[in-house]
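# Fold and contact review
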Amino acid sequence: MTIMIFGLLIFLGSHSVRIFAENWRQQQIAKHGETTWKVAYSAVSIVGLAIAIYGFGQMRLDPIYIWYPPMGMRHAVALLMVPAFIMLVAAYIPHNAIKAKLGHPMMLAVKIWAFAHLLANGRLGEIIFFAAFLIWAILAFKSAKKRGRLTPPAPVSTNKMATIATVLVGLVAYVVFAFYLHAVLIGVPVFS
């Protein structure tokens, strides 16, 4: 579990710079350039995520059970992940009404993902893993909202087709991940 926590500290720590050290971030971008910042940020993030995922897998070999979630919670996760996937896609498709309305759909997707998985997982390592992401997403969302109030973004024109595409791509991504990739990548089938 120590490896997983170490990876989470690196990954979520690098993603928390805007929350706790925005001025320092801006200084680094001004000093080294935006491309250099993005490359370094991405490298640190990838290393942290890889360590966290490896540690998560190791933690599952020797689990410590805190509680045993009822089977119905797995169904709740499956249901909650539908809007989470749609919001995740909404972060990347331009001019969709979901992003225009929510402002930060990726952080909301992470909140839903983490909360849903907390409902269905009762092992200590899983609780730490998903709670860390939930806490980070709450803090990041609050920070982004605060930055938005300080410098309100320009109004974004929305497009009905972009919104429809967002929902459809989100649903397809959900189906592919839930029915195929979750079992392959995570080792746990969603529907069994």
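Let us look at the structure shown here. (Residues numbered from 1 in each chain as written. Predicted model: local features only at pLDDT ≥ 70, side-chain atom pairs only at ≥ 80, totals over all residues. Heavy atoms only, no water.)

## So, the packing of helix α3 (residues 22–32) against helix α4 (residues 34–59)
Our working definition: The angle between two axes is taken between their N-to-C directions and runs from 0 to 180 degrees, where each axis is a line fitted to C-alpha atoms and a helix contributes only its stretch in contact. What counts as a helix is a DSSP run of H or I of at least four residues, what counts as a strand is a run of E of at least two, and both are numbered from the N terminus. Any angle that falls under 35 degrees is termed roughly parallel, while one over 145 is termed roughly antiparallel, one within 65 to 115 roughly perpendicular, and all others oblique. We call two residues contacting when some pair of their heavy atoms lies within 4.5 Å.
Remark: α3 packs on α4, axes separated minimally by 6 Å, with the N-to-C direction vectors making an angle of 120°. With respect to their mutual orientation, α3 and α4 come out oblique. Along its contact with α3, which presents Trp24, Arg25, Gln28, Ile29 and His32, the element α4 presents Glu34, Thr36 and Trp37.

## A short note on the pattern of salt bridges
Just so we agree on the cut-off: Should a side-chain nitrogen of Lys or Arg be within 4 Å of a carboxyl oxygen of Asp or Glu, the pair is scored as a salt bridge. Burial status follows relative accessibility: with a 1.4 Å probe on protein chains alone, a residue under 20% of its type maximum counts as buried, one over 50% as exposed, and anything between as partly exposed.
Taken as a whole and judged by the stated rule, the model has four salt bridges. Of the charged contacts in the structure, one is a salt bridge between Arg25 and Glu22, with a shortest N-O distance of 3.3 Å. Of the two residues, Arg25 and Glu22 both sit in helix α3, three residues apart, roughly one turn of that helix. Of the two residues, Arg25 and Glu22, both sit in the buried class. Residue Glu34 pairs with Lys38 through a salt bridge whose shortest N-O separation is 3.4 Å. You can see Glu34 and its partner Lys38 sitting in helix α4, four residues apart, about one turn around the helix. Overall, Glu34 belongs to the partly exposed group, its relative accessible area being 47%. What makes Lys38 partly exposed here is its relative accessible area of 47%. When salt bridges with common partners are traced through the structure, they connect Arg18, Glu22 and Arg25 into a single cluster.

## A closer look at the side chain of Ser45
On the secondary structure map, Ser45 appears in helix α4. With residues near it in sequence (within four places) discarded, Ser45 still touches Phe11, Ser14 and His15.

## Some thoughts on the packing of aromatic side chains
We apply this condition: Pairing of aromatic side chains here covers Phe, Tyr and the six-membered ring of Trp, requires ring centres within 6.5 Å, and sorts the geometry by plane angle: under 30 degrees stacked, over 60 edge-to-face, intermediate tilted.
Taken as a whole, this structure holds 14 aromatic pairs when the rule is applied. Where Phe85 meets Phe177, the ring centres are 5.8 Å apart and the plane angle is 45°; that geometry is what we call tilted. Of the two residues, Phe85 sits in helix α5 (residues 72–90) while Phe177 sits in helix α9 (residues 160–186), which places them 92 residues apart along the sequence. Judged by its relative accessible area of 24%, Phe177 is partly exposed. Feature note: the residues Phe11, Phe56, Trp113, Phe129, Phe130 and Phe133 constitute an aromatic cluster, connected by ring pairs.

## Examining unusual backbone geometry
Unlike most non-glycine residues, His95 shows phi in positive territory, near 65°. Among the secondary structure elements, His95 is positioned in the loop between α5 and α6 (97–102). Judged by relative accessible area, which is 41%, His95 ranks as partly exposed.

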